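# Structural overview
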Amino acid sequence: MNNKIVNDSSPNTITTRTELETEKELTAPAPQIEDWTQVEKVILERRSVRWYKSEQVPEHLVRRILEAGRYAPSAGNSQPWKFIVIRDKALLKEMEHDVRQTCKLFRFFLNWRGRGPMGKIAWFNSQMMIRLLPHELHPIPLGAMFLIAEGKLKLFHDAPTVILILKDKRGVSNPDLDCGICGQNMVLAAHSLGLSTCWVGFVTALIKSPYRFKWLKRLNIKYPYELLEGITIGYARGNPNKMVERELHEIAWYENGQKTITY
Ligand SMILES: Cc1cc2nc3c(=O)[nH]c(=O)nc-3n(C[C@H](O)[C@H](O)[C@H](O)COP(=O)(O)O)c2cc1C
């Protein structure tokens, strides 16, 4: 990185990270682990857990988690969410089965690495579909979809409790974002209660598949609600919670007529 300092006070001035760090070091030393607040600890140490004990989560704890979701902020305070709690093993198993079948179907049509004429057709399909659904068929979810199809990745990771978040389509502004904030409140609350969680976006495969009407009826999902996300909850096997590395994204910092690029 070029650390050249430009000595003018225009808002476009780029000072250096080194200079900023020196300045910050003088005024605000980096917090040590023992200085973190409880909330910071929960945020930094929470991990997605994909290996649970069979022990069920007490109902009162699930209710506390739902309360954390209910108290989330939302645009215009529209609270565009509704929750479904599933703790019925047979039901979870059936959902898992149908999602796996759906993933198999996707793999059949989109496995562009396959050989022979089907491979060529799948290549053509994937070229077309990836343009229509660039996020859903990004290589990461596509790879995970194939793993689910092959039985190498579980949908709910054997968690004993799953919360489904339904989005109210009439929400103000951006209800998807509101539901994300609501879900993160629940995930963090669960962690603070000694529980583990994992978001499960793939649960929506249930309603993007031939099983759509079966599950809309079964879970009684009607307008204005739409299945948006799932969150598994349970007690983790082992001790997965710890800080992990994250990307450092550039931050543009405007202050005192100067722009600083920092991290
Ligand atoms: C909206 C959303 C959907 C996700 N869907 C899945 C999923 O279907 N299956 C899964 O195993 N993990 C899923 N994850 C978990 C991510 O893979 C995980 O958050 C990411 O790898 C970072 O790891 P961490 O949560 O331990 O920090 C999802 C996460 C988010 C935020």
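Here the structure is a predicted model, which is why all the values come from computation and not from measurement.

The secondary structure content of the protein chain amounts to eight helices and seven strands. The proportion of buried residues among the 263 residues of the protein chain is 25%. For the protein chain, restricting intrachain contacts to residue pairs at least 6 apart in sequence, the fraction spanning at least 24 positions comes to 78%.

Compared with an ideal rise of 1.5 Å per residue, which puts 17 residues at 24 Å, helix H5 (residues 116-132) spans 25 Å between its outermost C-alpha atoms and is within 8% of the ideal. Judged by how many residues are buried, H5 sits mostly at the surface: one of 17 residues are covered.

Take the site of the ligand next. Surveying the vicinity of the ligand reveals the residues Arg47, Ser48, Arg50, Cys198, Trp199, Val200, Gly201, Phe202 and Glu229. Broken down by element, the shell around the ligand gets its largest block of residues, three residues, from strand E4 (residues 196-200). Among the residues forming the shell around the ligand, the class breakdown is four nonpolar, two polar and three charged.

This paragraph deals with the nonpolar core. In this structure, Val99, Ile165, Met186, Val203 and Ile233 are the most contacted members of the largest nonpolar core, which totals 44 residues. Secondary-structure elements contributing two or more residues to this core are helix H3 (59-70), helix H4 (89-110), helix H6 (139-149), strand E3 (161-168), helix H7 (175-192), E4 and strand E5 (225-234). Discounting chain neighbours no more than four positions away, the residues touching Val99 are Ile148, Leu155, Phe202, Val203, Ala205 and Leu206.

Relative to the assigned elements, Ile84 resides in strand E2 (residues 81-86). The class for Ile84 is partly exposed, based on 15 C-beta atoms found within 10 Å. For the pair formed by Ile84 and Gly230, sequence separation is 146 residues and the distance between their alpha carbons is 9.3 Å. If near-sequence neighbours (up to four positions away) are discounted, Ile84 is found in contact with Leu164, Leu166 and Leu219.

With an omega of 10°, the peptide bond between Tyr223 and Pro224 qualifies as cis. Tracing the backbone through its elements, the reader meets Pro224 in the loop between helix H8 (212-218) and E5. Of note in the backbone geometry, Asn256 takes a positive phi value of approximately 50° without being a glycine. With respect to the helices and strands, Asn256 occurs in the loop between strand E6 (251-255) and strand E7 (258-262). Exposure remark for Asn256: the 7 C-beta atoms within 10 Å place this residue in the exposed category.

What counts and how
Along each chain, residues carry numbers from 1 onward, in the same order as the chain's sequence is written. Residues qualify for local features only when their pLDDT is at least 70, as the model is predicted, and side-chain atom pairs are given and counted only at 80 or more; totals for whole chains, interfaces and linings, by contrast, use all residues. A run of H or I in DSSP becomes a helix once it reaches four residues, and a run of E becomes a strand once it reaches two; helices and strands are each numbered from the N terminus. For every residue, the other C-beta atoms within 10 Å of its own C-beta are counted; 20 or more classify it as buried, 12 or fewer as exposed, and values in between as partly exposed. C-beta atoms are placed from the backbone. Note on contacts: residues are paired as contacts if their backbone-placed C-beta atoms lie within 7 Å. Expected span, for any helix, means 1.5 Å times one less than how many residues it has. Working rule for contacts: place C-beta from the backbone, and if it is within 6 Å of a molecule or strand, that residue counts as near it. For this classification, the nonpolar set comprises Ala, Val, Leu, Ile, Met, Phe, Trp, Tyr, Cys and Pro, the charged set comprises Asp, Glu, Lys and Arg, and every other residue, Gly included, is treated as polar. In this usage, the nonpolar core is the set of buried Ala, Val, Leu, Ile, Met, Phe, Trp, Tyr and Cys residues whose C-beta atoms join them within 7 Å.

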